[in-house]
Amino acid sequence: GEYADSFRTNFSDLPWVKVPKVYWDLTSEKVLTLEYSPGIKVSDKAALVKNGVDPAIIARYSVECYLQQILVKGLFHADPHPGNIAVDCSDPQDPKLIFYDFGMMGKIPNNIRKGLSDFFYAVYSNDVNDAMDGLVAMGVLVPNSSADMTAIKRTGQFFLDSFKTRLREQREERKRMEADKSQPVTDYTKEDKKEKRKKILSNIGQDLLVVANDQPFRFPALFTFVVRAFSVLDGIGKQLDPRFDISEISAPYARDLLLEQRPGFSKLQDDLQKKADRQWEATKGLFVAPLKIKRVEEILESLERGDTKLRVRALEAERALQRVSLMQAATACVVAAAVSLNTATILSVVVNTAPPYVKTLCFAASALFGLMTLKNLGKLNKLNKKEKQITGMA
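What counts and what doesn't
- Residues numbered from 1 in each chain as written.
- Predicted model: local features only at pLDDT ≥ 70, side-chain atom pairs only at ≥ 80, totals over all residues.
- Heavy atoms only, no water.
- Phe/Tyr/Trp six-rings, centres within 6.5 Å; stacked < 30°, edge-to-face > 60°.
- Helix = DSSP H or I, 4+ residues; strand = E, 2+ residues; numbered from the N terminus.
- Buried < 20%, exposed > 50% of the residue type's maximum accessible area, 1.4 Å probe, protein only.
- Lys NZ or Arg CZ within 6 Å of the ring centre and 35° of its normal.
- Axes fitted to C-alpha atoms, helices over the stretch in contact; angles between N-to-C directions.
- Parallel < 35°, antiparallel > 145°, perpendicular 65-115°, else oblique.
- Left-handed = near helix turned anticlockwise from the far one by under 90°.
- Contact = heavy atoms within 4.5 Å.
- Nonpolar A, V, L, I, M, F, W, Y, C, P; charged D, E, K, R; others polar.
- Pairing = 2+ DSSP bridges.
- Salt bridge = Lys/Arg side-chain N within 4 Å of Asp/Glu carboxyl O.

### Quick notes on the packing of aromatic side chains
Following the criterion strictly, the structure yields 7 aromatic pairs and no others. Between Y66 and F230 the ring centres are 5.2 Å apart and the planes differ by 75°, which places this aromatic pair in the edge-to-face class. Of this pair, Y66 sits in helix α3 (residues 55-73) while F230 sits in helix α8 (residues 221-240), placing them 164 residues apart in sequence. For Y66, a relative accessible area of 2% gives the class buried. With a centroid separation of 5.9 Å and an interplanar angle of 75°, the aromatic rings of F158 and F159 are classed as edge-to-face. Classification of F159 by relative accessible area gives partly exposed; the value is 44%. A network of ring pairs unites the aromatic residues F7, F11, F99 and F102 as a single cluster. Over the ring of F11 we find K73, and its NZ or CZ is 5.6 Å from the ring centre.

The following block contains the structure:
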């Protein structure tokens with residue numbers, strides 16, 4: 001009940017969000033009494049159309065409302081399935097989303113919400129450095145001595161550029177369809193998607209291998225509910241509108257939300273600060289550049305003398321060593337299993353004076369080493385398969 005009141009208060013400024021009132025005088029620890037708020041299930045497209053409501057608007061409302069919960073309000077409904085969301089169709093020109101069942105709610109701490117806002121703004125600005133800072137602030141990216149931040153940065157820049165290209169293509173396709181409504185929605189075949197995936201992996205496959213090996217990313221438990229909710233909303237949106245794309249709706253709406261949080265003066269201040277920083281770097285370079293050139297010369301001389309050694313990360317060599325290590329472990333286990341089995345056989349057939357428990361231990365050791373052999377071979381096979389998938393060779 002308290003969550004319902006908080007949710008209603010948070011969305012009092014949005015006329016298309018409705019939350020049933022809680023009658024506290026009729027509520028106890030075991031009974032929750034709410035305002036009667038009937039509506040049509042949000043996924044019932046036929047009923048919505050029958051009542052004169054555009055399903056595409058409802059699909060957009062559901063995503064926009066959730067972005068408000070995540071980026072602005074900090075309190076979000078963690079179970080937004082069709083049974084918990086309905087549509088008030090009393091006014092078809094002004095439909096409202098009705099939310100029920102506030103038993104599963106999530107609160108986003110200020111630091112994570114700030115990191116999310118910074119991350120979305122960085123995606124909007126196509127700034128990979130700010131995007132990584134936002135991930136670090138949320139605790140998703142954990143920089144450490146073993147993490148190759150250069151590979152993470154290249155991978156992040158590739159996905160930012162791909163996302164920007166995808167949005168541009170979607171806008172162009174939507175304009176084309178609006179100009180000629182008879183044209184169908186572009187549908188990629190399975191082969192086209194496979195070729196596109198191979199092209200992506202050929203560009204960043206090596207970096208993905210580095211990231212997969214270093215494992216610098218952590219997934220907070222809170223984000224499990226966020227991702228689950230977005231996946232449910234994506235399914236609802238596709239039911240209501242075949243052309244629904246959650247990223248196409250999220251990007252401009254999140255941008256508007258973030259720009260609202262950053263008033264015009266703040267945006268101007270950010271732009272001026274960036275320009276001032278670039279101008280200062282250029283001015284400082286006039287005086288620092290000669291010192292840097294001298295420093296580079298000193299490093300080259302140190303390399304020539306052998307005082308300084310370069311450390312280069314050979315990814316192919318690392319993977320080869322890992323495969324060799326697994327093969328060596330498997331070979332050692334095979335040898336140990338064979339020796340144990342041979343010893344047990346000799347004790348059982350040739351030497352009958354050995355105690356029974358010794359023969360049993362030898363057979364058990366042989367079985368154990370055999371299982372360890374299979375385990376190491378399984379790891380090796382998994383490693384090879386993973387490498388082929390990431391590099392697009394599968």
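### Observations regarding the packing of α3 against α8
Where α3 meets α8, the axes come as close as 8 Å, and the angle between the chain directions of the two elements is 165°. On the basis of the axis angle, α3 is roughly antiparallel to α8. Remark: the crossing between α3 and α8 carries left-handed chirality. Between α3, through P55, I58, A59, S62, Y66, L67 and I70, and α8, the contact on the second element is made entirely by F225, V226, A229, F230, L233, G237 and L240. Split by residue class, the contact of α3 with α8 holds 12 nonpolar, 2 polar and no charged.

### Concerning the sheet that holds strand β5 (residues 96-99)
Within the open sheet, the 4 strands sit side by side as β1-β5-β4-β2. Their pairing is mixed. The outermost strands of the open sheet, each flanked by one partner alone, are β1 (17-18) and β2 (40-41). When β1 meets β5, the two strands line up parallel, connected through 2 bridges. Bridge pairing in β5 places V17 opposite L97.

### A closer look at the pattern of salt bridges
Inspection of every chain in the model, using the stated rule, returns 8 salt bridges. Salt-bridge contacts for K18 lead to D88; the nearest nitrogen and oxygen are separated by 3.8 Å. With K18 in strand β1 and D88 in strand β4 (residues 85-88), this residue pair connects regions lying 70 residues apart in the sequence. On the accessibility criterion, K18 (24% relative accessible area) is partly exposed. According to the relative accessible area criterion, D88 is buried, its value standing at 13%.

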